[in-house]
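In case you want the letters, here they are:
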Amino acid sequence: MDAVPAAIDDVLRRTIDGGGHVCVLTGAGMSAESGIPTFRGTHDSLWSRFDPMRLATVEAWREDPALVWGWYRWRMHLVREAEPNAGHRALAELAQRLSLSLVTQNVDDLHERAGSIVDAHVHGSLFALRCFACERLHDGALDDYVDDAQRVEPMRCMACGGHIRPGVVWFGEALPHDAWATAVDAATRCALMLVVGTSGLVYPAAGLPALARRHGATVVEINPEPTALSAEADHVWRATAAQALPLLVR
Ligand code: APR
């Protein structure tokens, strides 16, 4: 792996020469090479003990907030211990060279820590804490965390005493309105969409590549594995984020 596939290099060059806009849509695979487990990949992490599809729900929170908060504190701990990878850094560099919108499904802050401006966190952010009851933002300090703790009692809201929850979108919850509007705008006006590290299974985010194509964009998938989106991509690049993206900025 030492060169951008010719067809992809060509479409990127044509986009740049034409002053076209690029929209990058990232998923959990973007952070895999930083050591953050993906949701559906095969790995034997602590993650396998949890079922994200069951825990990332309002029902799970109502039933056992300490188990859900413990899972998210573990994820926050992983992210804090992790570093952005070469793929994150390459996207930050790419944004210096062309008109780019960064839309991510990821709730970590690795894009930001690599220097990117994230235009839309369509599934929210781990560290954007708020009260589950009154919705007030919680900007207080995080509780201290014992690595690998299974259950952690959530902090309490200073205003109403309710439980503090992570600012991520749980299954069944609406996406943040502004983030979604930004994502749709970027998808409809881009000339090129790079889809990096997502299985394309969770809607409505997984519908963004098809929306981009309907508006005339070329869609390129960067993923070491085939996905639900591969068939609708104009080009697929079977490579990882940290392998492929730095080649785009070389
Ligand atoms: N580089 C690029 N892609 C990778 C890498 C890598 N190093 N490692 C794995 N991948 C790919 C996998 O092949 C897979 O297609 O990343 C994808 C990860 O898919 P998921 O785990 O399903 O993550 P994602 O698509 O982001 O999930 C979407 O589902 O659980 C919800 O809200 C959660 O935002 C998440 C959403």
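Note that the structure is predicted; figures quoted are calculated from it, not measured.

Reading the values: the criteria
- Residues numbered from 1 in each chain as written.
- Predicted model: local features only at pLDDT ≥ 70, side-chain atom pairs only at ≥ 80, totals over all residues.
- Heavy atoms only, no water.
- Axes fitted to C-alpha atoms, helices over the stretch in contact; angles between N-to-C directions.
- Helix = DSSP H or I, 4+ residues; strand = E, 2+ residues; numbered from the N terminus.
- Parallel < 35°, antiparallel > 145°, perpendicular 65-115°, else oblique.
- Left-handed = near helix turned anticlockwise from the far one by under 90°.
- Contact = heavy atoms within 4.5 Å.
- Nonpolar A, V, L, I, M, F, W, Y, C, P; charged D, E, K, R; others polar.
- Phe/Tyr/Trp six-rings, centres within 6.5 Å; stacked < 30°, edge-to-face > 60°.
- Buried < 20%, exposed > 50% of the residue type's maximum accessible area, 1.4 Å probe, protein only.
- Lys NZ or Arg CZ within 6 Å of the ring centre and 35° of its normal.

Further remarks concern the packing of helix α6 (residues 86–97) against helix α10 (residues 241–248). The contact between α6 and α10 brings their axes to 7 Å, and the two run at 25°. One element, α6, and the other, α10, form an angle in the roughly parallel class. Considering only the axes of α6 and α10, their crossing is left-handed. Facing α6, whose interface residues are Ala86, Gly87, Ala90, Leu91 and Leu94, α10 presents Ala241, Ala242, Leu245, Pro246 and Leu248. Tallied by class, residues from the contact of α6 with α10 come to nine nonpolar, one polar and no charged.

Here the structure, examined in full by the defined rule, presents four aromatic pairs. On the numbers, 5.9 Å between centres and 40° between planes, the contact of tryptophan 61 with phenylalanine 132 is tilted. Taken together, the residues tryptophan 61 in helix α4 (residues 58–63) and phenylalanine 132 in the loop between β4 (124–131) and β5 (164–168) connect sequence positions 71 residues apart. Residue classification places tryptophan 61 among the buried positions, given a relative accessible area of 1%. We classify phenylalanine 132 as partly exposed; its relative accessible area is 21%. Their ring planes at 35° and their centres at 5.5 Å tell us that tryptophan 61 and tryptophan 170 sit as a pair that is tilted. One end of the pair, tryptophan 61, is in helix α4; the other, tryptophan 170, is in the loop between β5 and α8 (177–189), with 109 residues separating them in the sequence. Tryptophan 170 carries the same exposure label as tryptophan 61, and that label is buried. These aromatic residues form a ring-pair network of at least three members: Trp61, Trp71, Tyr72, Phe132 and Trp170. In this arrangement the basic side chain of arginine 80 is found over the ring face of phenylalanine 127, its NZ or CZ atom lying 4.0 Å from the centre.

All quantities given are derived from atomic positions and should not be read as evidence of function.
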